[in-house]
Structure formats: structure tokens, C-alpha cells
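Listed below, chain by chain, are the residues.
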Amino acid sequence: MDTTALRSAYDRLFDVAAIPDLGDADDGGWNADQILAHLLSVDAAIAAVALGVVAGSRPTFDNRISLDTWNLDRITAEHAGRADLIDHVRSQATVLCDIADQLNETGTSVLVPSLLLSNDALVLDQPIPLANLINGLAEDHVPVHTQQLLDLRVAVPGHA
């Protein structure tokens, strides 16, 4: 499997996550650390699914734990600040990409029963190929959260 697009999406995300003065969401949504914790949780879960497929099992993917605010705050509390959290997300993204790079067409075509929620709305409740689950990170998930981080920039008086 080719993870070039996913690695590029993460490079962009890490550049944005390192921007100082990321504040809180105007709408009461996640802060930067919660977004990063969410990404860490999702990446670990998808890496586990991919490894399960390689092992011959037929795992499922359910993103609800990665949406739980208590869990996101727990993940954040386990890190010594944002830089440490970014490093862990970077490391986990590398693990995921390294696993995906080793998947062959047979592995990437395995149907993974998937339950995806977003903003308390059901997005998906059906089996999808493992490749779609991984490629969805590059095509949608990581870019959406990158933009979410950009939206948290605090305006500094006198700067555009």
C-alpha cells in the first residue's frame, strides 16, 4: 500500500500543530490537545486493525472511544505538554504508515466492519476495505483536523 499521501497529510498537520497560540474552539469544540489525542487514538486503533488483518483475524473498527472527551483528556494528561503529545502522534502515525506500507492487495481488500461517528452523527456502519479505512485518513480525516487546528489560531493584535 502506498502511504505517500498519508505521510504528506501528517507532515502538514505537524507543521500546523506546532503553531504557537492555538486557543480554544469558539463553538466549545475540542482544543488542540484534544484533537491531537483523538488522532493518536484513531491511529492506534487503525494500526491494531491492520495488524489484526495481517495476523489473519478479522477485526472491527469503532471510533467511539476516540471521540470520548474523558479518554482524550486522559491521553493528554499522559504527556508532558503539547510538544510531547505531537511527538507521540508523529511516532504513532509513522507506525501506522509503516504497517500500511507492508500490506499487500489481499490485506488491503479485507472488509473491516466499521462504525464511524462524527459530531454525534452516524457516518458509516458497514464493512469497508482496510485500504479505504487507511486512505480515508489521508483524504479526509487528517486534513479536516489540520483545518480544525488552523481554526484555533488566536489572533495577535497588530498581526495579520
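The structure displayed is predicted, hence computed values, not measured ones.

Observations regarding the sheet that holds strand 1 (residues 61–62)
For sheets, the rule is that strands pair by backbone hydrogen bonds, running either parallel or antiparallel.
Okay, step 1: If you walk across this open sheet you meet the three strands as 1-2-3, and the pairing is mixed. Of all the strands in the sheet, just strand 1 and strand 3 (121–129) have a single pairing partner and so form its edges.
Okay, step 2: Of the pairings in the sheet, the one linking strand 1 to strand 2 (residues 111–118) comprises two bridges and is parallel in character. Across the sheet, the residue bridging to Asp62 is Leu115, located in strand 2.
Okay, step 3: Of the strands in this sheet, strand 1, strand 2 and strand 3 touch helix 6 (residues 130–150), which is tilted by about 130° from strand 3.

Quick look at the pattern of salt bridges
Okay, step 1: Tallied over the entire structure, the rule returns five salt bridges.
Okay, step 2: Residues Asp98 and Arg7 are paired through a salt bridge, measuring 2.8 Å at the closest nitrogen-oxygen approach. In this pair, Asp98 sits in helix 4 (residues 82–101) while Arg7 sits in helix 1 (residues 4–17), placing the two residues 91 residues apart along the sequence.
Okay, step 3: Classification of Asp98 by relative accessible area gives partly exposed; the value is 36%.
Okay, step 4: On the basis of relative accessibility, which here comes to 27%, the residue Arg7 falls in the partly exposed class.
Okay, step 5: A salt bridge links Arg82 to Asp33; the nearest nitrogen and oxygen atoms lie 2.7 Å apart. You can see Arg82 sitting in helix 4 and its partner Asp33 sitting in helix 2 (residues 32–55), a full 49 residues away along the chain.
Okay, step 6: One salt-bridge network, held together by shared partners, links Arg7, Asp98 and Asp101.

The rules behind the values
Residues numbered from 1 in each chain as written. Predicted model: local features only at pLDDT ≥ 70, side-chain atom pairs only at ≥ 80, totals over all residues. Heavy atoms only, no water. Pairing = 2+ DSSP bridges. Helix = DSSP H or I, 4+ residues; strand = E, 2+ residues; numbered from the N terminus. Contact = heavy atoms within 4.5 Å. Axes fitted to C-alpha atoms, helices over the stretch in contact; angles between N-to-C directions. Salt bridge = Lys/Arg side-chain N within 4 Å of Asp/Glu carboxyl O. Buried < 20%, exposed > 50% of the residue type's maximum accessible area, 1.4 Å probe, protein only.

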